[in-house]
Amino acid sequence: SEALYDIDEEFDDEAVTVYGTTSKISGSFTVLYADPAAAVMGPIEIVANSFVGQGRHARSLRDVNIGTLILKVFTYPTITFQPTSLEGLPDHLAVGTSLNLTMIGDLTIRDTTQSETCVLALNVVSEDRLEGSITTTISREDYKLIRFALPSSVGTIEDETILTVNFVAETQ
């Protein structure tokens, strides 16, 4: 499983999408194939200082700045999503089923918690394995993730950031 962010910015007068990933993520949920509405979802936690930039515009200094100056990881070491509801579940799940659901929950970044609506793409791979992704778009301003002093090579940074969790869930 992995968590990732992507954000659009201007870098050396070129519009680019910058993204970072981490595999330091945990979470759990229980689902009964015969009664999906009874699903129990625990929190999803991401180690905030573990994101590593990817792609040709990745910069280790950006990773450090995001962790220390924006996310303030020494004070707020985790990003947490606590699901509160799941909408669009069928009456039962079967192997081979692919669903697009709506997941609502509370996302906490630093000391700010906001309700977020996410798209949950779920694939029932086997009776013991689910795969999918949870995606939402957040406003950096809503979470007080303000810009810090930028080098002259970076122009604008968009307010909207896409957060995605790609997961594999197996029975324990």
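Each chain has its residues counted from 1, running along the sequence as written. Confidence filtering applies because this is a predicted model: local features only for residues at pLDDT of at least 70, side-chain atom pairs given and counted only at 80 or more, and all residues used for totals across whole chains, interfaces and linings. Computation of side-chain values: all heavy atoms of the structure, hydrogens and water removed.

**Student:** Explain the pairing of strand S10 (residues 112–126) to me, and be specific about the residues and the numbers.
**Tutor:** The side chains of a regular strand alternate, first on one face of the sheet and then on the other. Here strand S9 (residues 98–109) pairs with S10 via twelve bridges, running antiparallel. Each residue of the ladder has a partner; that of Ser 98, found in S10, is Asn 123. We call two strands paired when DSSP finds no fewer than two bridges between them. Elements are defined by DSSP. Helices are runs of H or I of four residues or more, strands are runs of E of two residues or more, and each kind is numbered from the N terminus. The hairpin turn running from S9 into S10, its antiparallel successor, is two residues long, and Arg 110 in that turn takes a positive phi close to 60 degrees. Sheet topology note: the S10/strand S11 (residues 129–139) ladder contains seven bridges and is antiparallel.

**Student:** Mind laying out the packing of aromatic side chains, listing which residues take part and the relevant values?
**Tutor:** Classification of ring pairs uses Phe, Tyr and Trp, with its six-membered ring standing for Trp, and accepts pairs whose centres are within 6.5 Å; under 30 degrees between planes counts as stacked, over 60 as edge-to-face, and the remaining range as tilted. Taken as a whole and assessed by the stated rule, the structure comprises two aromatic pairs. Seen from their ring centres, Tyr 5 and Phe 51 are 5.4 Å apart, and the 70 degrees between their planes marks the pair as edge-to-face. With Tyr 5 in strand S1 (residues 2–11) and Phe 51 in the loop between strand S6 (44–47) and strand S7 (52–54), this residue pair connects regions lying 46 residues apart in the sequence. For the exposure calls, accessible area comes from a 1.4 Å probe over protein chains only, and a residue counts as buried if that area is under 20% of its type's maximum, exposed if over 50%, partly exposed in between. Under the relative-accessibility criterion, Phe 51 is labelled buried at 11%. With centroids separated by 6.1 Å and ring planes inclined at 85 degrees, the aromatic side chains of Phe 29 and Phe 167 adopt a geometry described as edge-to-face. A residue pair is termed long-range when its members are at least 10 positions apart, and Phe 29 in strand S4 (residues 29–30) and Phe 167 in strand S12 (residues 154–170) qualify at 138 residues. On the basis of relative accessible area, Phe 29 is assigned to the partly exposed category, the value being 36%. When its relative accessible area of 11% is taken as the criterion, Phe 167 is described as buried.

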